[in-house]
Amino acid sequence: QVHLVESGGGMVQPGGSLRLSCQASGSAYDLYAMAWHRQAPRKQRELVAQITSAGTIDYSDSVNGRFTIFRNKVNNTVSLQMNNLQPEDTGVYFCYTVTFGVRAMEYWGKGTRVTVSS
């Protein structure tokens, strides 16, 4: 149906920046929303940022002001610009999307790891 592939993860020092990208392929014709979630060790997956097809954007309080989500509907990508990264941002970041047809369908990427450490 929809295949999501993340890229851009890596290791950076506190205060550094990374840009994550997610490429959607397959039946990715009408994605209602795309989002980034992350999961730290021993913690539940949490929403980081999301953007709807209408352009509505939401950020978690912990990243608001530091992260920016960007969606390109032409090439079916969503990116997350992460600035002033801190150790608590460490985790696996997952791309997410939902589409509506006969029923709502949710899709997840396999994740890309971000490590913030000095």
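The sections below set out a description of the structure shown in this document. Nothing here was measured: the structure is a model prediction, and the numbers come from that model.

### Some thoughts on the overall build of the chain
- Helix and strand counts for the chain come out as zero helices and 11 strands.
- In sequence order, the chain lays out its α and β elements as β-β-β-β-β-β-β-β-β-β-β.
- For 118 residues, the compact-globule estimate of 2.2 N^0.38 gives 13 Å, and the C-alpha radius of gyration of the chain, at 14 Å, lies within 12% of that figure.
- Buried positions account for 42% of the 118 residues belonging to the chain.
- On the chain, the mean spot of the 11 positive side-chain charges and the mean spot of the 8 negative ones are 6 Å from each other.

### Some remarks on the sheet that holds strand E7 (residues 67-72)
- Taken in spatial order, the four strands make up an open sheet running E1-E3-E8-E7, and their pairing is antiparallel. Looking at strand neighbours, the two that pair on one side only are strand E1 (2-7) and E7, the edges of this open sheet. The sheet shows a mean angle of 15° between the axes of neighbouring strands, taken without regard to direction.
- Summarising the sheet, E7 and strand E8 (residues 77-82) pair through six bridges and their orientation is antiparallel. Residue pairing for E8: Phe70 is matched across the bridge by Ser79.

### A word on the environment of Val74
- Within the secondary structure, Val74 is located in the loop between E7 and E8.
- Each C-alpha atom of the pair Val74 and Asp61 lies 29 Å from the other, and the pair is 13 residues apart in sequence.

### Observations concerning the packing of aromatic side chains
- Taken as a whole, this structure holds two aromatic pairs when the rule is applied.
- Taking the centre distance of 5.4 Å and the plane angle of 80° together, the rings of Tyr32 and Phe100 count as edge-to-face. Here Phe100 lies in strand E9 (residues 91-100) and Tyr32 lies in strand E4 (residues 31-39), a separation of 68 residues in the sequence.
- We classify Tyr32 as partly exposed; its relative accessible area is 42%.
- Ring plane angle 55° and centroid distance 4.8 Å describe the contact between Tyr96 and Trp108, whose orientation is recorded as tilted. In this pair, Tyr96 is assigned in strand E9 and Trp108 in strand E10 (residues 104-108), connecting sequence segments 12 residues apart.
- What makes Tyr96 buried here is its relative accessible area of 13%.
- Its relative accessible area of 39% is what places Trp108 among the partly exposed residues.
- Note that Arg45 overlies the ring of Phe94, its terminal NZ or CZ placed 3.8 Å from the centroid.
- Lying across the ring of Trp108, Arg45 places its NZ or CZ 4.7 Å from the centre.

Analysis parameters
Residues numbered from 1 in each chain as written. Predicted model: local features only at pLDDT ≥ 70, side-chain atom pairs only at ≥ 80, totals over all residues. Heavy atoms only, no water. Helix = DSSP H or I, 4+ residues; strand = E, 2+ residues; numbered from the N terminus. Rg over C-alpha atoms; globule rule 2.2 N^0.38 Å. Buried < 20%, exposed > 50% of the residue type's maximum accessible area, 1.4 Å probe, protein only. Lys, Arg positive; Asp, Glu negative; His and termini not counted. Charge placed at Lys NZ, Arg CZ, Asp CG, Glu CD. Pairing = 2+ DSSP bridges. Axes fitted to C-alpha atoms, helices over the stretch in contact; angles between N-to-C directions. Phe/Tyr/Trp six-rings, centres within 6.5 Å; stacked < 30°, edge-to-face > 60°. Lys NZ or Arg CZ within 6 Å of the ring centre and 35° of its normal.

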